[in-house]
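For reference, the chains in residue letters:
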Amino acid sequence: MRIAVAGATGNIGALTVAALERAGHEVVRISRSLGVDLSTGEGLDAALAGVEAVVDASNGPATDEAETVAYFGASTRNLLAAEERAGVRHHVLLSIAGLHRVKGNPHYAGKREQERLVSAGPMPWTIVPATQFHDFAAMVASWTERDGVATIAPLLVQPIAPADVADVLAEVVTGEPRGRHADVAGPEPQDLVDMARRTLEASGRVVKLVPTWSGLFGPEMAGNVLLPGDGARIAPTTFEEWLAKSA
Ligand SMILES: NC(=O)c1ccc[n+]([C@@H]2O[C@H](COP(=O)([O-])OP(=O)(O)OC[C@H]3O[C@@H](n4cnc5c(N)ncnc54)[C@H](OP(=O)(O)O)[C@@H]3O)[C@@H](O)[C@H]2O)c1
């Protein structure tokens, strides 16, 4: 099958390209650095020629809620319109588990806009809501790190290995459109502060972590809101296994 991956140079996109190629598919890679821009539509028609299915694993800039919603809205509209012109038969969106239970996070508002457009749009679709990735904790700590100190919220998450997310996307995009897929999660709940501490230790970095609900993530993300829902698909790789391989 000829399949396009939007966000093909990113964390999940690159692994999805690799999983699809391992399975013998022909993959078209979409990203700005490869000359295709979802937000302007530049290069999209040429990229989607002959493509049967698309995985959207792209990301947007970190900014305020209005700009994030506008960014994801424009990029998703451009992608769906180009898919319709090209005769694509299946659009797969990588989304976030618990998205509809959390208000007040700009990125989540942008992803909700993507989901709204995909589910109301012209393409047969599957939305795959994934929990936080195993590398999420270290990434969040890096956003605030100054002079060896970083703040981080003690989120309760059930993280998943990036390669496991990619395997699910590669499987889903080669199947029939299914609408909203079950949440996709890793095997065990974790505390984000503890995950960050262990990831930093494993990479030999000394950073003091200050737990807080007054930083990037507030109390609206506390409790069980980020945990996978009923009937979730549980991927195999534990955080420990991922850490042992990544360190
Ligand atoms: N991090 C988590 O724990 C988590 C959990 C669940 C779901 N998600 C979702 O997973 C998705 C992918 O995340 P990720 O961490 O893999 O992303 P990432 O590593 O930041 O990669 C983003 C990709 O999108 C491309 N891109 C960005 N803007 C573009 C544009 N205007 N046109 C074309 N390509 C563009 C980037 O390439 P260029 O820069 O070259 O354009 C890159 O290939 C996100 O939507 C996120 O919400 C994340």
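Taking an unreviewed UniProt entry as the reference, the protein is identified by name as SDR family oxidoreductase belonging to Pseudonocardia adelaidensis.

Q: Residues and numbers for the nonpolar core, please.
A: Residues Ile152, Leu155, Leu192, Leu209 and Leu226 are the most contacted members of the largest nonpolar core, which totals 28 residues. Those elements giving two or more residues to this core turn out to be helix H5 (136–144), strand E6 (149–152), helix H7 (192–202) and helix H8 (239–246). The leading source of residues in this core is H7, at 5 residues. Ignoring anything within four residues of it in the chain, the contact list for Leu192 reads Phe136, Ala137, Ile152, Ala153, Pro154, Leu155 and Val157. Listed in part, the 24 residues of the second largest apolar core include Val17, Val172, Val173 and Val184.

Q: Explain the site of the ligand residue by residue, including any values.
A: In the neighbourhood of the ligand, 28 residues make up the surrounding shell, with Thr9, Arg32, Ser58, His107 and Lys111 lying closest. In this structure, Arg32 approaches the ligand through a side-chain N or O atom, which is 2.7 Å from an oxygen atom. Between Phe133 and the ligand, the recorded distance is 2.9 Å, taken from a backbone N or O atom to an oxygen atom. Here the ligand loses 87% of its free accessible area of 920 Å² to cover by the protein chains. Class assignment for the residues of the shell around the ligand results in 12 nonpolar, 13 polar and 3 charged.

Q: Account for helix H6 (residues 162–173), naming residues and giving values.
A: An ideal rise of 1.5 Å per residue puts 16 Å on 12 residues; H6 measures up with 17 Å between its terminal C-alpha atoms. With 9 of 12 residues buried, H6 lies mostly within the body of the structure.

Q: Can you lay out the UniProt feature "domain: NAD(P)-binding" (unreviewed entry) in the protein for me, pointing to particular residues and giving the numbers?
A: Under the present numbering, the feature "domain: NAD(P)-binding" (unreviewed entry) in UniProt falls on residues 7–174. Secondary structure content for residues 7–174 is 44% helix and 17% strand, and the end C-alpha separation is 18 Å.

Q: Any details on the packing of aromatic side chains? Residues and values, ideally.
A: Scanning the entire structure with this criterion turns up 3 aromatic pairs. The interplanar angle of 25 degrees and the centroid separation of 5.8 Å between the aromatic rings of Phe239 and Trp242 together place this pair among those described as stacked. With Phe239 and Trp242 both in helix H8, this residue pair falls 3 residues apart, about one helical turn. According to the relative accessible area criterion, Phe239 is buried, its value standing at 1%. Overall, the relative accessible area of 16% leaves Trp242 in the buried class.

Q: Describe in detail the pairing of strand E3 (residues 53–56), supporting the description with residues and values.
A: Every second residue of E3 is oriented toward a common face, with Ala53 and Val55 on one face and Val54 and Asp56 on the other, all of them buried. Pairing geometry for strand E1 (residues 2–6) and E3, over 4 bridges, is parallel. Bridge assignment links Ile3 to a residue of E3, and that residue is Ala53. Relative to strand E4 (residues 90–96), E3 runs parallel, the two being bridged by 4 bridges. The residue of E4 that forms the bridge with Val55 is Val92. Running through helix H3 (residues 65–86), the crossover from E3 to the neighbouring parallel element E4 is right-handed.

Q: Talk me through the packing of H7 against H8; I want residue IDs and the actual numbers.
A: Across the interface, H7 lies against H8 with an axial gap of 10 Å and an inter-helix angle of 25 degrees. Our classification of the angle between H7 and H8 gives roughly parallel. By crossing handedness, the relation of H7 to H8 is classed as right-handed. Judged by residue contacts, Met195, Arg198, Thr199 and Ala202 of H7 engage Phe239, Glu240, Trp242 and Leu243 from H8. Residue composition of the contact of H7 with H8, grouped by class: 5 nonpolar, 1 polar and 2 charged.

Q: Summarise the pairing of E6; cite the residues concerned and give the values.
A: Taking every second residue as pointing to the same face, the buried face of E6 carries Ala150 and Ile152, while none of Val149 and Thr151 on the other face is buried. Of the pairings in the sheet, the one linking E6 to strand E11 (residues 208–211) comprises 4 bridges and is parallel in character. Paired with Thr151 across the two strands is Val210, which belongs to E11.

Q: Residue-level account of the pattern of salt bridges, with values.
A: Pairs can form between side chains of opposite charge whenever their charged atoms are close. Enumeration over the complete set of coordinates arrives at 11 salt bridges. Where Glu26 meets Arg2, a salt bridge forms, and the shortest distance between an N and an O atom there is 2.4 Å. Residue Glu26 is found in strand E2 (residues 26–30), and its partner Arg2 is found in strand E1; the two are separated by 24 residues along the sequence. A salt bridge links Arg89 to Glu52; the shortest N-O distance between them is 2.7 Å. Of this pair, Arg89 sits in the loop between H3 and E4 while Glu52 is found in the loop between helix H2 (44–47) and E3, placing the two residues 37 residues apart along the sequence. Where salt bridges share partners, they join Arg77, Glu113 and Arg116 into one cluster.

Parameters and conventions
- Residues numbered from 1 in each chain as written.
- Predicted model: local features only at pLDDT ≥ 70, side-chain atom pairs only at ≥ 80, totals over all residues.
- Heavy atoms only, no water.
- Core = buried A, V, L, I, M, F, W, Y, C linked by side-chain atoms within 4.5 Å.
- Buried < 20%, exposed > 50% of the residue type's maximum accessible area, 1.4 Å probe, protein only.
- Helix = DSSP H or I, 4+ residues; strand = E, 2+ residues; numbered from the N terminus.
- Contact = heavy atoms within 4.5 Å.
- Near = heavy atom within 4 Å.
- Polar contact = N/O pair within 3.5 Å; in protein donor to acceptor, adjacent residues only side chain to side chain.
- Areas by Shrake-Rupley, 256 points an atom, 1.4 Å probe, with all protein chains shown as cover.
- Nonpolar A, V, L, I, M, F, W, Y, C, P; charged D, E, K, R; others polar.
- Expected span 1.5 Å × (residues − 1).
- UniProt positions renumbered as here; feature names shortened; annotations may be inferred.
- Phe/Tyr/Trp six-rings, centres within 6.5 Å; stacked < 30°, edge-to-face > 60°.
- Pairing = 2+ DSSP bridges.
- Right-handed = clockwise from strand over helix to strand, strands pointing away.
- Axes fitted to C-alpha atoms, helices over the stretch in contact; angles between N-to-C directions.
- Parallel < 35°, antiparallel > 145°, perpendicular 65-115°, else oblique.
- Left-handed = near helix turned anticlockwise from the far one by under 90°.
- Salt bridge = Lys/Arg side-chain N within 4 Å of Asp/Glu carboxyl O.

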